[in-house]
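Chain residues, written in single-letter form:
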Amino acid sequence: MKISVIGAGYVGLTSAACLAQIGHDVFCGESDLAKLHKLQSGGMPLFEPHLEQIIQDARQSGRLAFGSTEEAIDRGQAIFICVGTPPLKNGDADLSAIETVARSIAKRSSGYRLVIEKSTVPVQTGSQLRKHLSVHNTNRLDYDVASNPEFLREGSAVTDFLHPDRIVVGTDSERATGLLREIYRPIIEQTFACPVHTDCPHRNPARFLATDTNSAELIKHASNSFLAMKISFINMVANLCEVVGADVTKVAEGMGLDPRIGASFLKPGIGFGGFCFPKDLQAFIRIAEKSGCDFSLLREVEKINDRRVEHLIEKLRTELWVVRGKKLAVWGLAFKPDTDDVRFAPSIVLLKSLSEEGAVVRAYDPQAMAKASEVLPAVTYCADPYEAAQGADAVLIVTEWDEFRTLDWSRLRNLVERPLIVDGRNMFQAAEVTRHGFQYISIGRPSASHSAEDVAIAEGRG
Ligand SMILES: NC(=O)c1ccc[n+]([C@@H]2O[C@H](COP(=O)([O-])OP(=O)(O)OC[C@H]3O[C@@H](n4cnc5c(N)ncnc54)[C@H](O)[C@@H]3O)[C@@H](O)[C@H]2O)c1
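Residues numbered from 1 in each chain as written. Predicted model: local features only at pLDDT ≥ 70, side-chain atom pairs only at ≥ 80, totals over all residues. Heavy atoms only, no water.

Novice: I'd like a rundown of the environment of Met-255, residues and numbers included.
Specialist: Within the element layout of this structure, Met-255 appears in helix 10 (residues 248-256). Linking Met-255 and Leu-266, residues 11 residues apart in sequence, is a C-alpha distance of 8.7 Å. Not counting residues within four places of it along the chain, the set of residues in contact with Met-255 comprises Phe-233, Ile-234, Ile-261 and Leu-266. (Helix = DSSP H or I, 4+ residues; strand = E, 2+ residues; numbered from the N terminus. Contact = heavy atoms within 4.5 Å.)

This is the structure we're talking about:
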């Protein structure tokens, strides 16, 4: 089928590439000219595992091309809108990019178009889309509108798109449901050639859930808010563990063994970030408030999350006594591993606070330094974790990149001014760190100091 995707961001680019991979003829429109030129000349505007290769292959086989929004609107029978929906100051989702695309579709198109909102939007956006397509319809456009929220996670976007738990489609039109079922058939039946695995282990058929538009829109906001609530819940429990001397890892393990609770999203840390949870939570709260519903539960989820970075800084203050003038290594800037995305990342708030307090910060991230430096140009960015740790009074772990799991601890020990690790992601076991002569502070677990014996061994005297 001829498909257009509007917006070549994390969602749009992944959707375009994967829809081409499963056999469709895809045209992806992007309004940011720098991004567009990069894509047209074979470059990548973002990092996402496996995506570059899939795009290259799809372009070579003629199943994927990039161009302007207008070209994209003109090409596809099905148009996936994947533009950004960032938060406004009051927490509402900014839907201006969606409105612009809808108006353009209505004014330019004739014949039949299936307009699909894949961007995350508040409930009743589909009704607004239908209304605006009708208001600006100048060429006897025949159209359906469907909500098809995307559940991919950055860092595993390709696998998530191609092997989803569920495909949710909300529309009031049987024609639209039929077309979307047809578009996704290779994924529903798992019949496509998997570009990631030769002997693909994810071959369970995907559940296709057809519903009305409002419910589909709510499924996305409710899912993200629920996951955010799980994270804030375990962070709240972690705070109590710190005071009473319990280990939150064990508490989470014990809770997660109950299938009604489940183990995922029960990892304490310095809070959630990224382009989904913080803004979707806010937008969900706003839409509920406007509808007269009490969502104060989610306000608390937000509040708990907002305090996480300060909580980590407080631990640092307690240990360093004075932060001003201290050299701090920050490992990890992306809001999660395997992405270069720093939007609403805890690292940004952390680095701003530490700099304001007079610390000298040297940061390292395997993928996110270019994007972080656009927001925080004054920070010193380093070539590797060791360079960042040179002379440091503390090393702060902010993103749990795999690279940090295979450290040369004795090299690190010789580089730092003070052997102190403050782990905002609970990457390590205390014994593993103290064995190398480091003091270890983490989240919701007892702090651990190295013994004189540990230090002697780490310094080669033991
Ligand atoms: N990033 C995620 O992990 C994720 C997951 C699920 C859903 N979502 C949702 O998907 C949507 C997109 O998120 P994203 O992370 O891909 O954002 P993004 O900012 O990476 O991408 C959006 C792209 O749309 C482009 N754009 C804006 N207006 C346009 C127009 N008129 N024509 C063509 N292109 C236009 C922007 O230039 C940008 O490249 C958001 O609503 C988000 O909440 C994101």
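Read on, since the account is not over.
Novice: Quick one: what's the story with the side chain of Gln-190, residue by residue and with numbers?
Specialist: Relative to the helices and strands, Gln-190 resides in the loop between helix 8 (174-188) and strand 8 (207-211). By relative accessible area, Gln-190 is classed as buried at 7%. Within the local environment of Gln-190, its side chain forms a polar contact with the side chain of His-163, the two groups lying 2.7 Å apart. (Buried < 20%, exposed > 50% of the residue type's maximum accessible area, 1.4 Å probe, protein only. Polar contact = N/O pair within 3.5 Å; in protein donor to acceptor, adjacent residues only side chain to side chain.)

Novice: Give a detailed account of the packing of aromatic side chains, specifying residues and quantitative values.
Specialist: Summed over all chains, the structure comprises 9 aromatic pairs. Look at Tyr-364 and Phe-404: their rings are 6.3 Å apart centre to centre, the planes differ by 65 degrees, and that puts the pair in the edge-to-face class. Separated by 40 residues along the polypeptide, Tyr-364 in strand 10 (residues 360-364) and Phe-404 in the loop between strand 12 (394-397) and helix 17 (409-415) bring together distant segments of the chain. Accessibility expressed as a relative area gives 6% for Tyr-364, which makes it buried. Judged by its relative accessible area of 0%, Phe-404 is buried. Measuring from centroid to centroid gives 5.3 Å for Trp-409 and Phe-438, while their planes differ by 65 degrees, and the two rings are edge-to-face. (Phe/Tyr/Trp six-rings, centres within 6.5 Å; stacked < 30°, edge-to-face > 60°.)

Novice: Could you give me a rundown of the sheet that holds strand 13 (residues 420-423), with the residues and numbers involved?
Specialist: Spatially, 11-10-9-12-13-14 is the arrangement adopted by the 6 strands of the open sheet, whose pairing is parallel. Unpaired on one side and paired on the other, strand 11 (380-381) and strand 14 (439-441) mark the two borders of the sheet. Where strand 10 and strand 11 come together, 2 bridges link them in parallel fashion. Residue pairing across strands places Ala-363 opposite Tyr-381, the latter belonging to strand 11. (Pairing = 2+ DSSP bridges.)

Novice: Explain the pattern of salt bridges to me, and be specific about the residues and the numbers.
Specialist: Applying the stated criterion across every chain, the model contains 29 salt bridges. Across the pair Glu-99 and Arg-103 runs a salt bridge, and its minimum N-O distance is 2.9 Å. Highlighted residues: Glu-99 and Arg-103, both in helix 5 (residues 96-108), separated by 4 residues, approximately one helical turn. On the basis of relative accessibility, which here comes to 31%, the residue Arg-103 falls in the partly exposed class. One salt bridge in this structure joins Asp-280 and Lys-279, with 2.8 Å as the shortest N-O distance. Accessibility expressed as a relative area gives 6% for Lys-279, which makes it buried. (Salt bridge = Lys/Arg side-chain N within 4 Å of Asp/Glu carboxyl O.)

Novice: Can you lay out a nonpolar patch on the surface for me, pointing to particular residues and giving the numbers?
Specialist: On the surface, Leu-240, Val-243 and Val-244 cluster together into a nonpolar patch covering about 330 Å² of accessible area. On the secondary structure map, Leu-240 appears in helix 9 (residues 213-244). Note on Leu-240: relative accessible area 53%, which makes it exposed. (Patch = residues over 30% accessible without salt bridge, like charges linked within 9 Å, V, L, I, M, F, W, Y side chains within 5 Å. Areas by Shrake-Rupley, 256 points an atom, 1.4 Å probe, with all protein chains shown as cover.)

On their own, these measurements won't tell you what the molecule is for.
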